[in-house]
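One-letter residues, chain by chain:
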Amino acid sequence: MQKLDVRLKQIPMPELPVEKRLQTFDEVALGYSEEQALAEAARCLQCTHPLCVEMCPLRIDVPGFIKLVRQGNYVEAAQKIRQENCMPAVCGRVCPQERLCVLGCKNVIGDPINIGGLERFVADYELETGVTIPDIAPSTGRSVAIVGSGPAGLSAAAELAKRGHHVVVFEALHEPGGVLTYGIPEFRLPKKVVKQEIDYVRRLGVEIKTNIVIGRTLTIDDLFDEGFKAVFIGSGAGLPKLLGIPGENLCGVYTLNEFLLRVNLMRAHLFPRGSKTPIRVRGRVAILGARGMDAARAALRLGAEEVCIFYQRKLVGRVDDIRRGIEEGVKLQPSTKPVKLLGDENRWVKLVELVKLKPGQPDKTGKTKLIPVLGSEFLYSAETVVIATDHVPNTVAAIKTARNVKVDEKRRTIIVDPETLMAADGVFAGGDVVSGAASVIEAIKAGKRAAQSIHAYLMKH
Amino acid sequence: MENEIVYKEELAPEIKLMKVRAPLIARKAKSGQFVILRVSEDGERIPLTLIDWDPKNGTITLVFREVGATTKELGKLNVGDVIHDLVGPLGKPGEITLYGRVCVIGGGIAIAAAYERAKKLKEIGNNVVAIIGARTAEQLIFRDELKGLVDKLYVTTDDGSEGIKGYPSDVLKGLLESGEKFNLVYAVGPEALMKAVSEVTKPYKIKTIVSLNSLMVDGTGMCGCCRVTVGGKTMFTCVDGPEFDGHLVDFEELMARLRMYEEEEKLAIKVMEGCGCRS
């Protein structure tokens, strides 16, 4: 009986105790021990037609790497993943596995396998012991410029470097990593892990230049003039969308990006001794929008008395991280919408006025829109507010004007050929800048796909 | 070496000028644009207006007043030192066209930026009147350079130690009241000055451009820290500006947002100067 139970139940991932979490920005999920990883790997049914592989955007050989885990060949297991994904230690932590590989797990009689947990275990093991650099094709003599050092750019860079091309990545901020560096907090993705994964890409021969804004410091045309034969734009979706309601420019009101940039990139939680960048979190914090869980959890760690996320339908995020946030004390108020923000005489935010929502009449397609409930307006007092609705591609880089690249003005995305990801002759684009805000794994996939067509393009030019 | 300080000069007490090696920025820089810099590994990102640039020698010129922790730290660097991070040019370039008769106004540290703009406007044939103001005579930077450049220069000081006692906006008001005509008024400096200038020119319907100095983090349109209401719409100073129609800017909001981290700024200076305060 005991044994069967072990087979049925997923091995829980060890976590920092709730009472310790709020005193630190340290990672909450601690990762499997070797013993735990072996026990979890033993539960895999090793299906002949694995749906987990089909559900993975990168088609990682999940049963294959789990089999290697069972055999204790952790480095080989990591290498198997790394063949398809240059950042397994990142994806093991931030992929929404429950909607991807784990959703495909056919372990019908018990819990599905914690594939992300196992991916993370082998990736961390490999990073600890030192990543072996794969064979790199002889130099093709061709150079590719990559705009943006987030997941899309880094995966394109890694693939192209392996094929023997000279790759230079241009990053506007002072640190590479894109959303992995500025967007995802330390307690979900330690910056040390991001640095190690970027280091791997560098060791493939990729050069990363920070503090260069393509479109300002250099234009796309400059890059071609400098001898680059192709350009990949993976500049992400970094432009925050505001709510368009009165009071959103009051003091104490942050966009999600500003809040996360201050904490993740500038390490404002260490102000004033470990960082010169301040952040203001006091009293009650209202997070407005479904993308706010990371900010909510960061706010609690910054000493907020209470943090509440107000959103419409469904929170954006991984199931585990939403659960952890709730355990930490984040309050949720679904089916609500902010109406206006009210400030004091010094223009500091004091109150948020919200309205409750209910499903309206279904339209022709059967979809229901949420509509305000008349007279349901209520106030929430808050000294800090974070607007966490949506973000769209950032057009500051003026990249859209280069080499006939076309932009969808409404979505602010770059228009590409869906097969080749080519936006104009020699210019390719992928990731959030093409799809709009999506996931890390989809960006990695786009980077890989673009790398394939860039390779084909370079071999013809 | 890139980001290396190649020249340093104290223009006035606490006001420093630095020339920094930044060939890529020097090649692309245009009037009105700015850079973002970080002095150290744990430093904050601050914007500074480009005062001059030399594409041939690959240098840019920055002028700053040592007010906050970061500018104080920057002021301690010497020739040969390297600025940790430097990125630019950022922001939309200003409009340099033939207006006819223009009035360029600069207050405090921003006299440097006013001088740069006056130079560019003069180069293409505008008739330029400049009004500059500072707290005291010793802080009237670029006064002699402006004197040799513009068609007419007015100088004000808050304490009357040089020129007219008062503010540049008072001088502008007097000029307009006495019938002087301008096709453009360009103002850069403290928000209170830009606001006052915009209020003076409004009844005369004179096109008035102001250069805003909002708080920023990334400076590339990502964070919205620098947002400001212009004509009822929210704009980002870093990418939609930094220059806007002064008659449309909500200066009260801007000034409040600039004060957002007043307490933290004081704390940062205390910590930097090592007073031993643990609060």
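Here the residue index of a chain counts from 1 through its sequence in written order. Labels follow written order: the first chain is A, the first ligand is 1, and so on. Only residues with pLDDT of at least 70 get local features here, since the model is predicted, and only at 80 or more are side-chain atom pairs given and counted; chain-wide, interface and lining totals rely on the full set of residues. Hydrogen atoms and water are omitted, and side-chain values are computed over all heavy atoms in the structure.

Draft legend 1. Structural context of the overall build of chain A. The helix and strand inventory of chain A stands at 18 helices and 19 strands. When we talk radius of gyration, it's over C-alpha atoms, and the globule rule is simply 2.2 Å times the number of residues to the 0.38. Over its C-alpha trace chain A gives a radius of gyration of 23 Å, about what one expects of a compact globule, namely 23 Å for 461 residues. Projected onto its principal axes, the C-alpha coordinates of chain A cover approximately 70 × 65 × 60 Å. Relative accessibility decides the category of a residue: with a 1.4 Å probe and only protein chains considered, values under 20% of the type maximum give buried, values over 50% give exposed, and everything between is partly exposed. For chain A, the proportion of its 461 residues judged to be buried stands at 58%. Expressed as a percentage of contacts within chain A between residues at least 6 apart in sequence, the contacts between residues at least 24 apart total 67%. Carbon and sulfur atoms make up 52% of the accessible area of chain A, which totals about 19,100 Å². Secondary structure is summarised from DSSP: a helix means a run of H or I of at least four residues, a strand means a run of E of at least two, and numbering begins at the N terminus for each. Here, residues are in contact when the closest pair of their heavy atoms is within 4.5 Å. For the accessible areas, the method is Shrake-Rupley and the probe is 1.4 Å, while residue cover comes only from the protein chains on display.

Draft legend 2. Layout of the packing of aromatic side chains. Residue and element names in this part refer to chain A. Stacked, edge-to-face and tilted labels apply to pairs of Phe, Tyr and Trp rings (six-membered ring for Trp) whose centres lie within 6.5 Å, assigned for plane angles under 30 degrees, over 60, and everything in between, in that order. Per the stated rule, a full pass over the model turns up ten aromatic pairs over all chains. Measuring from ring centre to ring centre gives 6.3 Å for F310 and F378, while their planes differ by 45°; the resulting arrangement is tilted. Here the residue F310 occupies a position in strand β8 (residues 306–310), and F378 occupies one in strand β13 (residues 378–381), the gap between them amounting to 68 residues. A residue is classified by how much of its surface remains accessible, and F378, at 19% relative accessible area, is buried. Ring geometry for F310 against Y380: centres 5.0 Å apart, planes inclined by 70°, an arrangement best described as edge-to-face. In this pair, F310 sits in strand β8 while Y380 sits in strand β13, placing the two residues 70 residues apart along the sequence. Side by side, F310 and Y380 carry an identical accessibility label, which is buried.

Draft legend 3. Layout of the nonpolar core. Residues and elements named next belong to chain A. Remark: nonpolar core denotes a set of buried residues (Ala, Val, Leu, Ile, Met, Phe, Trp, Tyr, Cys) joined through side-chain atoms within 4.5 Å. F65, V122, I146, F170, I233, I414 and I454 are the most contacted members of the largest nonpolar core, which has 98 residues in total. Here this core gets ten residues from one element, more than from any other, and that element is helix α18 (residues 440–460). Throughout, the edges of the domains are those of an automatic or database domain assignment. Split by domain, the residues of this core number at least three in each of domain 1 (2–129) and domain 2 (143–238 + 394–460). Every residue in contact with F65, bar those within four places of it in the chain, is listed here: I60, A77, K80, I81, I115, L118, E119 and V122. The next biggest cluster of nonpolar side chains, apart from the first, holds 35 residues, and it includes F187, M293, A299 and I322.

Draft legend 4. Just the sheet that holds strand β9 (residues 152–157) of chain B, in detail. Residues and elements named next belong to chain B. Here, a strand pair is defined by DSSP locating no fewer than two bridges between the strands. Here we have seven strands laid out as an open sheet, ordered β10-β9-β8-β7-β11-β12-β15, and mixed in their pairing. Two strands bound the open sheet, and with one partner strand each, they are β10 (164–165) and β15 (243–245). Summarising the sheet, β9 and β10 pair through two bridges and their orientation is parallel. Bridge pairing in β10 places T157 opposite K165. Contacts from helix α5 (residues 168–177) reach β7 (101–107), β8 (127–134), β9, β10 and β11 (184–188), with the element oriented near 140° to β8. To define axes, lines are fitted to C-alpha atoms, for helices over the stretch in contact only, and angles between the resulting N-to-C directions are given on a 0 to 180 degree scale.

Draft legend 5. Focus on the pattern of salt bridges. All names here are of chain B. Put simply, a salt bridge is a Lys or Arg side-chain nitrogen that is within 4 Å of an Asp or Glu carboxyl oxygen. Overall, the coordinates contain 52 salt bridges over all chains when judged by the stated rule. We note a salt bridge from R143 to D144, for which the minimum N-O separation is 3.5 Å. Residues E199 and K195 are paired through a salt bridge, measuring 3.6 Å at the closest nitrogen-oxygen approach. Placement of both E199 and K195 in helix α6 (residues 191–201) is noted, with a separation of four residues, approximately one turn of the helix.

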